[in-house]
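Structure at a glance
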Amino acid sequence: MDDFSSLLAGFQIALSWHNIGFMALGVILGIVVGVLPGLGGPNGVAILLPLTFGMDPTSAIILLSSIYWGALFGGAITSILFNIPGEAWSVATTFDGYPMAIRGHAAEALTAAFTASFIGALSGVVLITFVAPLVASFALRFGPAEFFAVFLLTFCSFVGMGRDNRAKIITSLCIGFLLAAVGLDSISGDLRMTFGSTELMRGFDFLVVVIGLFGIGEILLTAEEGLVFKGKHAKIDLKVVLKTWASLPRYWLTLVRSCVVGMWMGVTPGGAIAASFMGYGLAKRFSKRGAHFGKGEIEGVLAPETAAHAAGTSALLPMLALGIPGSATAAVLLGGLLVWGLQPGPMLFVEQKDFVWGLIASMYLGNLAGLIIVLATVPLFAAVMRIPFSFVAPVILIVCAIGAYTISNSVFDIWVMLGFGILGYIFKKLDYPLAPLVLALVLGDRAEDAFRQALLGSAGSLDVFWANGLVSGLVIVALVLLLWGPITDAIAALGRRNESAKAAKAAE
Amino acid sequence: MKMHWLAVPFVTAALASAAPALAWEPTKPIEIVVPFSAGGASDQMARTIQGIIQKHQLTTQPIIVINKPAAGGAEGMLDIQKSAGDPHKLITTSSGIFMTPMATKLPLNWTDYTPVAMMAQDSFVLWVNAKSPHKTAGDFMEAAKKASPPLKIGGTSSKREDNLIVFAMEKQIGAKFAYIPYTSGGQASTQLSGGHVEANTNNPAEDLANWRGGATRPICVFADQPMVYRDKVTENASWADIPTCTSQGLNVSYQMLRGMFMPGKVTKDQQAFYVNMFKKVSETQEWKDYLARNALVGDYRDGEAFVSFLKADEEKHARLMSEAGFMAK
């Protein structure tokens, strides 16, 4: 097999000493970048990009993609320890990761998250290795209507699969859509809902909102509960890692499901964010312990992490094969490729074989290196949980404020963050779910763009969403997922009523 | 650093003798603000310039590229507006410097900035899918007249360059197109190679990868003269082989400036430093390679030549935008 020998040659390139050094350096830098909210993968890669101009392209892309892996791993750390997602795709990790940390299982949660990341990323790389050309041509079948159908699928699965009060999910979702609409509308080119403010023109940056809703909101809640930090007795030795690993095979179905969801979303390109939410939503619905999700279930950490990383990795595929970046970090990497004079696109696999296979080989090795490095740091990070809350809270607040400011160097964003902190607190108090709001904020405007692009092309006819097998298939699956929850709930309710009626009869 | 008091006069004397070469030099890192997202054509240009400046050591200070893409580039432009008097900031610009304020009514005006240099002009090309039956602009226009629903043309953003070109084509042939705005030229190119639109009006660089990969094909360039680059970019064609649209009966030509500005209220010396620096950049081999690779029209201007170009270009855009009804009310 031609590709396989190319891959082996790639390993040879990636395994040289200086490239391994770059890999380790990249992963460590990436973790640092991923831990600081607001700095994030794309910025980290962008800042370091100029440093790589003097290197040969293969070493440079190995360094940069290792930063990417490191950031992917690092995003989970703050999500679990402080309920602050360092990256957009770590939001779903907070739902169960943070409760686990509070209950003293921070080390287990971190191990689960890192291992899941590794499994997810590995499945993505395998996909890239073996089916790159095939998948690339499949991605070309996605026009605006198909994109909209993918987003619809994500939203529907969230509403239909959710176990929270559905009216509350939809309310939260709608607030998210409303917030997503602020700023420049890319279809008409007009500004919307900015009320003449130049600050609002940028719209609500997703990360600022998330730092507020989750990070600040959580601090307010904890402060109200009386300044205790419940995770004092977190066990911190490396044996936890092995114990956690021993429990993982039990969740194979969740892992496989999340891998599939992630690879699908990464290629299509719905992206890592949508994938992490869908992975979590599906696991919650189909797990035996689904009702316990949100209270610190290890499966609730595994599912979104696996999906996010499978997607994040698969997202590099359309970038290399088609030149369209699947994520923001991928976009910066793409810029890097161009600077080195490499033109991503169908010809890259033909003309720059060494480079492409060196990169793919470095994905295997970079991930492995990443896993080893992050697992070694588990005790260190888990130890943070032992520090009393009254010391940690001000630090978190400062880190949040710096993060919010850094995203676009705007003081206004710090106020936005505090505002959303209060909103997050109110949501928690009233028992409204935050996740649908976040999901709608991230994907809302993209879904809207795709919907309107599709209608522009069809001269306003809705038939475009039924036009071919792919789009109608997606729409049907979306509707099934939407109705699945309500219908199964209704059947269950009916069943209960029958039983209680029977019981009543028997009692007579 | 501790220094003997006797040494001080000598050091100052040495510095003083070196200084007159340049009246002003940057004293901290220089930021290049790119009002578009990473990976796009403006971003590529900024990063190429960054590489050239560092390689040739045209300044002692590091160069940092920052993307501020929100609101169609208005975010970056507002940033420069607010940084009046800051000599360590630059912004890359395109025709958006006129069009964004016109389309949004934002309080922005290029005359509040300090023009540094125009680096190049970018062309626009009519691209179709490689399997498209249309061979010339004539075929395409005939098809457009008969099409119902209208033919779909993809481009970047709404009420911007691509949209203006499509509007001009509509006016020429008296038929409607369905213009579909995408967020980047890369997306427009992918959508074309997937057959989701019938054509796009991308810059040469934006569709190069798919052209070389055999997925898309250029029909004509929206210019009065064909492009000058004769080196083969695909197996059997060069940029110069693409005919002009005018020669095929489609009388639309449009080019877009790519240049550099500083914030307002900087001193003449500060402006002169950057003019000098970009002039040197434009003379390097790396820059010429970059122009050829992206099929840009090399057109370096500074000083009065740049300002008069800007004035004429602004008038042209004001006319085109109001004809098309793209002006904000």
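The shown structure was predicted, so the numbers you read here are calculated from the model rather than taken from an experiment. For every chain, the first residue of the written sequence is number 1, and numbering continues from 1 onward in sequence order. Both sets of labels track the order of writing: A upward for chains, 1 upward for ligands. Owing to the predicted nature of the model, reporting of local features is limited to residues with pLDDT of at least 70; listing and counting of side-chain atom pairs is limited to 80 or more, with chain, interface and lining totals taken over all residues.

1. Concerning the overall build of chain B
A helix here means a DSSP run of H or I that spans at least four residues, while a strand means a run of E at least two residues long, and both kinds are numbered starting from the N terminus. Within chain B, the regular secondary structure consists of 11 helices and 11 strands. Over its C-alpha atoms chain B spans a radius of gyration of 22 Å, differing by no more than 12% from the 20 Å that the globule rule assigns to 329 residues. Principal-axis analysis of the C-alpha atoms places the extent of chain B at approximately 90 × 50 × 30 Å. Three classes are used. A residue is buried when 20 or more other C-beta atoms lie within 10 Å of its own, exposed when 12 or fewer do, and partly exposed in between, with C-beta atoms placed from the backbone. Residue burial in chain B is summarised as follows: out of 329 residues, 52% are buried. Considering only residue pairs separated by 6 or more positions, chain B has 76% of its internal contacts joining residues 24 or more positions apart. For the radius of gyration, the atoms used are the C-alpha atoms, and the globule rule reads 2.2 Å times the number of residues raised to 0.38. Contacts are defined on C-beta atoms placed from the backbone: any two residues whose C-beta positions lie within 7 Å are in contact.

2. Quick look at the overall build of chain A
Of the regular secondary structure elements, chain A holds 21 helices and two strands. Buried positions account for 57% of the 508 residues belonging to chain A.

3. Examining the packing of helix α2 (residues 17-35) of chain A against helix α17 (residues 353-383) of chain A
Residues and elements named next belong to chain A. Where α2 contacts α17, the two axes come as close as 9 Å, and the packing angle between them is 55°. Taken together, α2 and α17 sit at an angle that is classed as oblique. Here the hand of the crossing between α2 and α17 comes out right-handed. Facing α2, whose interface residues are M23, A24, V27, I28 and I31, α17 presents S362, L365, G366, A369, G370, I373 and V374. Ten residues, namely Ala, Val, Leu, Ile, Met, Phe, Trp, Tyr, Cys and Pro, are considered nonpolar, four, namely Asp, Glu, Lys and Arg, are considered charged, and the remaining ones, Gly among them, are considered polar. Residue composition of the contact of α2 with α17, by class: nine nonpolar, three polar and no charged. Axes, fitted as lines to C-alpha atoms, cover a helix only where it is in contact. Angles between the N-to-C directions of the axes lie from 0 to 180 degrees. Note on terminology: angles under 35 degrees are roughly parallel, angles over 145 are roughly antiparallel, angles of 65 to 115 are roughly perpendicular, and the others are oblique. Two helices that cross are described as forming a left-handed crossing if the nearer one is turned anticlockwise from the farther one by less than a right angle, and a right-handed crossing if clockwise.

4. Quick notes on the environment of I102 of chain A
All names here are of chain A. Its place among the elements puts I102 in helix α5 (residues 91-102). C-beta crowding within 10 Å serves as the criterion here: with 21 such atoms nearby, I102 is assigned to the buried category. Once the C-alpha coordinates of I102 and L81 are considered, the two residues, 21 residues apart in sequence, prove to be 8.2 Å apart.

5. Observations regarding the sheet that holds strand β1 (residues 30-34) of chain B
Pairing between sheet strands relies on hydrogen bonds along the backbone, with the strands arranged either parallel or antiparallel. All names here are of chain B. DSSP-based pairing: two strands are paired if at least 2 bridges between them are found. Reading across from one edge, β2-β1-β3-β10-β4-β11 is the order of the six strands in this open sheet, with mixed pairing throughout. A single partner strand is all that each edge strand has here, and the edge strands are β2 (63-67) and β11 (297-302). Strand-to-strand twist in this sheet, taken as the mean axis angle between neighbours without regard to direction, amounts to 20°. The pairing of β1 with strand β3 (residues 89-93) spans three bridges and is parallel. Within β3, the position partnered with I32 by the bridge is L90. Lying over the sheet, helix α2 (residues 41-55) contacts β1, β2, β3, β4 (114-123) and β10 (255-262), oriented at roughly 170° with respect to β2.

6. Thoughts on the nonpolar core
Across soluble globular proteins, nonpolar side chains show a tendency to be buried alongside one another. Note on terminology: a nonpolar core is any set of buried Ala, Val, Leu, Ile, Met, Phe, Trp, Tyr and Cys residues joined through C-beta atoms within 7 Å. By size, the foremost hydrophobic cluster in this structure holds 147 residues, and its most contacted members are I80, L110, F148 and A275 of chain A. If near-sequence neighbours (up to four positions away) are discounted, I80 of chain A is found in contact with T93, G97, Y98, A101, A106, A109, L110 and A113 of chain A. I52, M77, I219 and L291 of chain B belong to the second-largest nonpolar core, a separate cluster that totals 95 residues.

7. Points about the sheet that holds strand β5 (residues 125-129) of chain B
Spatially, five strands are ordered β7-β6-β8-β5-β9 (chain B) in an open sheet, and the strand pairing comes out mixed. Looking at strand neighbours, the two that pair on one side only are β7 (177-182) and β9 (216-221) of chain B, the edges of this open sheet. In this structure, strand β6 (residues 151-156) of chain B lies alongside β7 of chain B, joined through six bridges in parallel fashion. Residue pairing in the sheet places G155 of chain B in a bridge with P181 of chain B of β7 of chain B. In this fold helix α20 (residues 435-457) of chain A packs onto β6 and β7 of chain B, with an angle of close to 165° to the strand it touches most, β7 of chain B.

8. Some details on the pairing of β2 of chain B
All names here are of chain B. Here β2 shows a clear split, with I63, V65 and N67 buried on one side and none of I64 and I66 buried on the other. For β1 and β2, the ladder comprises five bridges, and the chain directions are parallel. Across the sheet, the residue bridging to I30 is I63, located in β2.

9. Describing the domain arrangement of chain B
Residues and elements named next belong to chain B. Assigned domains within chain B: domain 1 (27-121 + 256-324) and domain 2 (125-253). Using C-alpha coordinates to define each centre, domain 1 is positioned 26 Å away from domain 2. Facing 13 residues of domain 1, the contacting portion of domain 2 comprises 16 residues. If you list the elements that add at least two residues to the side of domain 1 that touches domain 2, you get α4 (96-104), α10 (285-294) and α11 (303-324). Of the residues forming the side of domain 1 that touches domain 2, the biggest block, three residues, is contributed by α4. Here the side of domain 1 that touches domain 2 is built from residues that sort into eight nonpolar, five polar and no charged. Note that the domain bounds were set by an automatic or database domain assignment.

10. Thoughts on helix α19 (residues 412-429) of chain A
Owing to its 3.6 residues per turn, the α-helix brings residues three or four apart onto one side. Residues and elements named next belong to chain A. Working rule for helices: expected span equals 1.5 Å times residues minus one. Over its 18 residues, α19 extends 26 Å from the first C-alpha to the last, a length consistent with the 26 Å expected when each residue adds 1.5 Å. Those residues of α19 lying buried are D413, M417, F420, G421, G424 and Y425. End-on view of α19: buried residues confined to an arc of 150°, all on one side of the axis. For α19, the exposed residues lying more than 90 degrees away from the buried face are I426 and K429. Where the residues of α19 are buried, they touch α9 (206-224) and α18 (389-408). Throughout, the arc means that of the directions going from the helix axis to the C-beta atoms.

11. Remarks on the packing of helix α4 (residues 57-82) of chain A against α5 of chain A
Residues and elements named next belong to chain A. Running from N to C, α4 and α5 cross one another at 55°; their axes reach a closest spacing of 6 Å. Comparing their axes, α5 and α4 come out oblique. The handedness of the crossing between α4 and α5 is right-handed. Residues A76, S79, I80 and L81 of α4 form the contact with α5, whose own contacting residues are T93, T94, G97, Y98 and A101. Among the residues forming the contact of α4 with α5, the class breakdown is five nonpolar, four polar and no charged.

12. Focus on unusual backbone geometry
Residue and element names in this part refer to chain B. Omega for the bond connecting S148 with P149 falls within 30 degrees of zero, at -5°, which places this linkage in the cis form. Position of P149 among the secondary structure elements: in the loop between α5 (137-146) and β6. The phi angle at A295 is positive, at roughly 55°, despite the residue not being glycine. With respect to the helices and strands, A295 occurs in the loop between α10 and β11.

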